[in-house]
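Chain by chain, the residues run as shown.
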Amino acid sequence: LNFVYFGGGTPSFLSTKQLEGLVGRLSSLTPWKDAEEVTFECEPGTLTEAKLQAIRGIGVTRLSLGVENFDDQILELNGRAHRSPEGGRAYAFARSLDFPQINIDLIAGMLGETDENWHRCIDRTLELSPDSVTLYQMELPYNTTISGNLLKGTGRFAQPVADWPTKRRWVREAFEALEDAGYHVRSGYTAVKNPDRTRFI
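Definitions and cut-offs
Residues numbered from 1 in each chain as written. Predicted model: local features only at pLDDT ≥ 70, side-chain atom pairs only at ≥ 80, totals over all residues. Heavy atoms only, no water. Core = buried A, V, L, I, M, F, W, Y, C linked by side-chain atoms within 4.5 Å. Buried < 20%, exposed > 50% of the residue type's maximum accessible area, 1.4 Å probe, protein only. Helix = DSSP H or I, 4+ residues; strand = E, 2+ residues; numbered from the N terminus. Contact = heavy atoms within 4.5 Å. Disulfide = S-S within 2.5 Å. Axes fitted to C-alpha atoms, helices over the stretch in contact; angles between N-to-C directions. Parallel < 35°, antiparallel > 145°, perpendicular 65-115°, else oblique. Left-handed = near helix turned anticlockwise from the far one by under 90°. Nonpolar A, V, L, I, M, F, W, Y, C, P; charged D, E, K, R; others polar. Salt bridge = Lys/Arg side-chain N within 4 Å of Asp/Glu carboxyl O. Arc of directions from axis to C-beta.

A look at the nonpolar core
Membership of the largest hydrophobic core comes to 42 residues, with the highest contact counts inside it found for I55, L65, F99 and L135. Examining the composition of this core, we find that 5 residues originate from one element, helix 7 (residues 164-180), more than from any other. Beyond its immediate sequence surroundings of up to four residues, L135 is in contact with L106, W118, V171, A174, F175, L178 and Y189. Counting residues in each nonpolar core, the second largest holds 7 residues, with I74, I107, L111 and I146 among its members.

Written out as structure tokens, the structure is:
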């Protein structure tokens, strides 16, 4: 395999033992020790130092942290399993393990998002200086709790949900801020600090 991607979900919910067992069985069938890139998506609230060491040990070259937002109230309201301090600790420890690339995910338009908070998230991301930043726009499939509330008018969530033009503007503003800080936009979702070193296929 030239490229390996653990994601499209949250593989970091696996225990360290489960993760090592899974990787052992997979790599015995199709080894990836010479892969150009091995990406692993993480929910910061599921990480421990031991688990991050195990993730590094299986050959992960690109760690993607699903920070999403730096406001604890917004994270709680949107049902995230972590709070901002956990994201900060995970990022700092991952840096100490010398992952070749660390990515931060942000979501524009989470329930309760405001212009002020979104710009604070961008500023905080720039302070951390990750190798790449992936920007998503909040989507609400009909089977989610938030959509159910909006469609049925149950009043469970009083916070605003941004419309698509607002979310697109927030993503545009984020990319502009990243470019001003020296990042390079490489797709509709991702900006990288050093295109020669951080390619993300």
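Regarding the state of the cysteines
Taken as a whole and assessed by the stated rule, the structure comprises 0 disulfides. Here C42 is not cross-linked by a disulfide; its sulfur's nearest cysteine counterpart is in C121, at 19 Å. Owing to a relative accessible area of 3%, C42 belongs among the buried residues under this scheme. Taking relative accessible area as the criterion, C121 reaches 1% and is therefore assigned buried.

Some words on the side chain of T46
Turning to its location among the elements, T46 is positioned in the loop between strand 2 (37-42) and helix 2 (49-57). When near neighbours in sequence (up to four residues on either side) are disregarded, T46 contacts S12, F13 and K51.

Description of the environment of R199
Within the secondary structure, R199 is located in the segment after strand 7 (190-192). For R199, a relative accessible area of 43% translates into the label partly exposed. Considered as a pair, R199 and R186 are 13 residues apart in the sequence and their alpha carbons are 8.4 Å apart. Residues contacting R199, with those up to four places away along its chain left out, are E36 and Q101.

Some points on the packing of helix 5 (residues 115-128) against helix 7
Where helix 5 meets helix 7, the axes come as close as 10 Å, and the angle between the chain directions of the two elements is 30°. Taken together, the axes of helix 5 and helix 7 are roughly parallel relative to one another. Read as a crossing pair, helix 5 and helix 7 show a hand that is right-handed. Two secondary-structure elements touch here, helix 5 through D115, W118, H119, I122 and L126 and helix 7 through R169, W170, V171, E173, A174, A177 and L178. A per-class count over the contact of helix 5 with helix 7 returns 8 nonpolar, 1 polar and 3 charged.

What to know about the pattern of salt bridges
Under the counting rule described, the total for this entry stands at 11 salt bridges. In this structure, D71 and R120 form a salt bridge, with 3.9 Å as the shortest nitrogen-oxygen distance. Separated by 49 residues along the polypeptide, D71 in the loop between strand 3 (62-68) and helix 3 (72-77) and R120 in helix 5 bring together distant segments of the chain. Given a relative accessible area of 43%, R120 falls into the partly exposed group. A network of salt bridges, in which partner residues are shared, links E43, E68 and R80.

A look at helix 2
The set of residues buried in helix 2 consists of K51, L52, A54 and I55. All buried residues of helix 2 lie within an arc of 160° about the axis, which places them on one face of the element. Away from its buried face, by an angle of more than 90 degrees, helix 2 presents the exposed residues E49 and G57. Against helix 1 (16-29), strand 2, strand 3 and helix 4 (84-96) lie the buried residues of helix 2. Two residues or fewer after helix 2 comes G59, characterised by a positive phi angle close to 95°.

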